[in-house]
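Letter by letter, the chains look like this.
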Amino acid sequence: MTKRTHSERALCPILTRPGLRIGLAATSGLGLLSAAMPASAELTRAGVVINNTATASFDDPTGTTTTVQSNTVSLRVDELLDVAVASANSGDVATRPAVQGEVLTFRVTNAGNGEENFRLTANGAVGGNGFTPAIVRIAIDSDGDGLYDPARDVAYVAGTNDPLIAPESSVTVFVIANIPAGLSDAARAAISLQAQAVTGTGPAGTTFAGRGTGGGDAITGATTADRTASGFLRVSAASVEVIKSATVADQYGGTAPVPGATITYKLVARTTGSGSLANLRLGDAIPDGTSYVAESLDLDGVRLTDAADSDAGSFAANKVTATLGTVPGGAQRVLTFKVKIN
Amino acid sequence: MKIFPVAIIALSLAGAAQAAPTVELSSKIQVEKQLVVNGKQQTVLRDPKPVFPGDRLVITISYRNATGKPVNDFVVNNPVPSAVQFTGEASPGVQVSIDGGRSFGPLSTLKVRKADGTIRAAQPVDVTHLRWVLAGAMAPGATGSLSFRGVVR
């Protein structure tokens, strides 16, 4: 709705009293305007008193103007209980199996017109979940930065520190959960957060006499003063599969595994999944009865030195190793090395 | 659909027995509620105790010429309480002000200059005052009422 702003001002005085007489019998379109006029976005605060006074002026037969005032009708505006909850994460929060302390972020808004405490409940056992996150705690963002800070954002205890939210204001709420182990890639789960007005909840129009902000009544609005929203976790896991093969080349031009023949080993590592694998290393021991052929280590066709240096490869303690770092799902690395049969 | 009665109704105000030589003016506010009675949705007017944001109000101003003489230039002025938003519905003949009562006119003729300098047509939400100017003389003893609708912001 349009809000009345002081920066806007009326233009052009159109009529001055009583220059234009408008007869009461005149037809006016005003009565036919739509009756659907929602309240302004800014709610009148609970406890405000609406006063209405009319004035009238008239001229008596001698031409003397008299002004009269009506009685003043006063109405107190009482507390409307309404709440909104929304996930503050931009989409699914990526997580991994067995992560401790994953954080989902929500906004809880007091959509009513009085200061109100709200009871919070988090639930990880939501229908349709691919797994059940274990709720560890709920915490309120104490400094308003929207980021969970375990040292400052104290744990919420229902009935003890139900957040007090000013009308038409919000707080950020964190739900901290542990992720079960052994989950497959792309498993998805919701965590719901419910917020309920401490004064009371119920179908729109439920009245709590004398319990509103400012000592008046409180009444539930369209949200029933009880709302729930979900945030989502998605597991991002990856796995690796290694296939090893060998080819033999003897010194006579054939493929017989005789002493002096060279065996080329090939390790093909394939990763799958939407996550990535950290510190992935690919290595192999030199088989008994063979000797490693110095400087024969290749990664994806590029020669790696045997020394433990800046490149990914090394040969030490009769083992070859390639340090691959973080490898995303869907990648392939090929490591080859040569040995000679003793 | 005519919701409002014709503005001047020749009724005598109950209990207005005192003979103060003036035009008596009284105002009242009622809340419109939608109720289902015998399966039919009905709009009923109630005297409110507290009200809540979004409540629809009907504000009625009643008058009676108790001067014993005809009066002229009878003008009723009702500022819209700041917590109430005018809906645009009022007894016929209403003139509105969007500048705190300095100037009046039919809503459709009023314009608002926005912060960026452009001009838009005035809306009911802009209205700060309502005024009715009764044409001609009002006879001794004549009564009437004027009303408008508002919503608690």
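Residues numbered from 1 in each chain as written. Chains lettered and ligands numbered in written order. Predicted model: local features only at pLDDT ≥ 70, side-chain atom pairs only at ≥ 80, totals over all residues. Heavy atoms only, no water.

## Section: the overall build of chain B
Then, number 1: Counting its regular elements, chain B contains zero helices and 11 strands.
Then, number 2: The order of helices and strands in chain B, counted from the N terminus, is β-β-β-β-β-β-β-β-β-β-β.
Then, number 3: Sorting the 153 residues of chain B into buried and exposed places 57% on the buried side.
Then, number 4: Working note: accessible area of chain B is about 6600 Å², and carbon and sulfur atoms make up 55% of it. (Helix = DSSP H or I, 4+ residues; strand = E, 2+ residues; numbered from the N terminus. Buried < 20%, exposed > 50% of the residue type's maximum accessible area, 1.4 Å probe, protein only. Areas by Shrake-Rupley, 256 points an atom, 1.4 Å probe, with all protein chains shown as cover.)

## Considerations on the sheet that holds strand S7 (residues 95-97) of chain B
Then, number 1: The strand order S4(A)-S3(A)-S5(B)-S10(B)-S7(B) describes an open sheet built from five strands, whose pairing is antiparallel. Edge strands, defined here as strands with exactly one partner in the open sheet, are strand S4 (65-69) of chain A together with S7 of chain B. Neighbouring strand axes in the sheet, compared pairwise and without regard to direction, differ in orientation by 20° on average. (Pairing = 2+ DSSP bridges. Axes fitted to C-alpha atoms, helices over the stretch in contact; angles between N-to-C directions.)

## Remarks on the sheet that holds strand S12 (residues 164-165) of chain A
Sheet strands associate in pairs through backbone hydrogen bonding, adopting either a parallel or an antiparallel arrangement.
All names here are of chain A.
Then, number 1: Ordered in space as S8-S17-S14-S10-S12, the five strands form an open sheet in which the pairing is mixed. The open sheet terminates on both sides in strands that have one partner only, identified here as strand S8 (93-95) and S12.
Then, number 2: Alignment of strand S10 (residues 116-123) against strand S14 (residues 188-197), held across six bridges, turns out to be antiparallel. Bridge pairing links Arg-119 to Gln-196 in S14.

## Points about the side chain of B:Asn65
Residues and elements named next belong to chain B.
Then, number 1: With respect to the helices, strands and loops of the structure, Asn-65 is situated in strand S4 (residues 56-65).
Then, number 2: Given the relative accessible area of 1%, Asn-65 is considered buried.
Then, number 3: In terms of polar contacts, Asn-65 uses its side chain to reach the side chain of Thr-67, at 2.6 Å. (Polar contact = N/O pair within 3.5 Å; in protein donor to acceptor, adjacent residues only side chain to side chain.)

## A closer look at the pattern of salt bridges
All names here are of chain B.
Then, number 1: In the structure shown here, the tally under the stated rule is 14 salt bridges over all chains.
Then, number 2: Between Arg-64 and Glu-24 there is a salt bridge whose closest N-O contact spans 3.4 Å. A residue pair is termed long-range when its members are at least 10 positions apart, and Arg-64 in strand S4 and Glu-24 in strand S1 (residues 23-37) qualify at 40 residues. Across this residue pair, the class does not change: Arg-64 and Glu-24 are buried.
Then, number 3: One salt bridge in this structure joins Arg-56 and Glu-32, with 3.2 Å as the shortest N-O distance. Here Arg-56, found in strand S4, pairs with Glu-32, found in strand S1; they are 24 residues apart in sequence, far enough to count as distant. (Salt bridge = Lys/Arg side-chain N within 4 Å of Asp/Glu carboxyl O.)

## Remarks on the confidence of the model for chain B
Then, number 1: Summing up the model confidence of chain B, the mean pLDDT is 84 and the portion of residues at 70 or higher is 87%.
Then, number 2: Here the predicted complex scores 0.72 on pTM and 0.81 on ipTM. (pLDDT = per-residue confidence, 0-100.)

## Concerning the environment of A:Thr264
All names here are of chain A.
Then, number 1: Along the polypeptide, Thr-264 turns up in strand S19 (residues 262-273).
Then, number 2: Taking relative accessible area as the criterion, Thr-264 reaches 21% and is therefore assigned partly exposed.
Then, number 3: In sequence terms Thr-264 and Ser-245 are 19 residues apart; their C-alpha atoms lie 8.3 Å from each other.
Then, number 4: Setting aside residues up to four positions removed in sequence, Thr-264 forms contacts with Ser-245, Ala-246, Thr-247, Phe-337 and Lys-338. (Contact = heavy atoms within 4.5 Å.)

## Comments concerning the pairing of strand S2 (residues 49-52) of chain A
Consecutive side chains along a regular strand alternate between the two faces of the sheet.
All names here are of chain A.
Then, number 1: Going residue by residue along S2, you find Ile-50 and Asn-52 tucked away on one face and Val-49 and Asn-51 left uncovered on the opposite face.
Then, number 2: Examined bridge by bridge, S2 and strand S5 (residues 73-77) share four bridges and lie antiparallel to one another. Each bridged residue has a counterpart across the sheet, and for Asn-51 the counterpart in S5 is Ser-74.

## Some thoughts on the packing of aromatic side chains
All names here are of chain A.
Then, number 1: Summed over the entire model, instances satisfying the criterion amount to five aromatic pairs over all chains.
Then, number 2: With centroids separated by 5.4 Å and ring planes inclined at 55°, the aromatic side chains of Tyr-148 and Phe-174 adopt a geometry described as tilted. In this pair, Tyr-148 sits in the loop between strand S11 (134-140) and S12 while Phe-174 sits in strand S13 (residues 170-178), placing the two residues 26 residues apart along the sequence.
Then, number 3: Across from the ring centre of Phe-232, 4.1 Å away, lies the NZ or CZ of Arg-188, which sits over that ring.
Then, number 4: Above the plane of the ring of Tyr-265 lies Lys-244, whose end atom (NZ or CZ) is 4.7 Å from the centre. (Phe/Tyr/Trp six-rings, centres within 6.5 Å; stacked < 30°, edge-to-face > 60°. Lys NZ or Arg CZ within 6 Å of the ring centre and 35° of its normal.)

## A look at the confidence of the model for chain A
Then, number 1: Put simply, chain A has an average pLDDT of 87, and 88% of its residues get 70 or more.
Then, number 2: Low pLDDT (under 50) marks residues 1-40 of chain A, which in the prediction has 96 contacts with non-local residues, meaning those over four places away or in another chain.

## Digging into the nonpolar core
Then, number 1: Judged by nonpolar contacts, the single largest core of 40 residues is most densely connected at B:Phe74, B:Leu130 and B:Trp132.
Then, number 2: Put simply, the parts of the chain that give this core at least two residues each are strand S3 (55-59) and S5 of chain A together with S1, S4, strand S5 (72-79), strand S6 (84-90), strand S10 (129-133) and strand S11 (143-152) of chain B.
Then, number 3: Counting residues in hydrophobic clusters, the runner-up holds 35 residues, among them A:Leu81, A:Leu183, A:Ile191 and A:Ala237. (Core = buried A, V, L, I, M, F, W, Y, C linked by side-chain atoms within 4.5 Å.)

## Here we look at the environment of A:Gly202
Residue and element names in this part refer to chain A.
Then, number 1: Here Gly-202 lies in the loop between S14 and strand S15 (207-208).
Then, number 2: Residues Gly-202 and Arg-234, spaced 32 residues apart in sequence, show a C-alpha to C-alpha distance of 34 Å.
Then, number 3: Aside from chain neighbours lying at most four places away, what touches Gly-202 is Thr-220 and Thr-224.

## Let's talk about the environment of A:Glu168
Residue and element names in this part refer to chain A.
Then, number 1: Mapped onto the fold, Glu-168 is located in the loop between S12 and S13.
Then, number 2: You can call Glu-168 partly exposed: its relative accessible area is 31%.
Then, number 3: Sequence separation between Glu-168 and Thr-247 is 79 residues, and the spatial gap between their C-alpha atoms is 73 Å.

## Here's the deal with the pairing of S6(B)
Residues and elements named next belong to chain B.
Then, number 1: By the criterion of burial, S6 is predominantly enclosed, with seven of the seven residues buried.
Then, number 2: Sheet analysis places S6 next to S11, joined by four bridges and oriented antiparallel. Counterpart to Phe-86 in the pairing with S11 is Gly-150.

## Structural notes on unusual backbone geometry
Residue and element names in this part refer to chain A.
Then, number 1: In the Ramachandran plot, Ala-225 falls in the positive-phi region, its phi being about 60° despite a non-glycine side chain.
Then, number 2: Looking at the element boundaries, Ala-225 is found in the loop between strand S16 (218-220) and strand S17 (226-235).
Then, number 3: Although it is not a glycine, Asn-318 sits at a positive phi angle of roughly 60°.
Then, number 4: Structurally, the position occupied by Asn-318 is in the loop between strand S24 (313-316) and strand S25 (319-328).
Then, number 5: Residue Asn-318 is classed as partly exposed on the basis of its relative accessible area of 39%.

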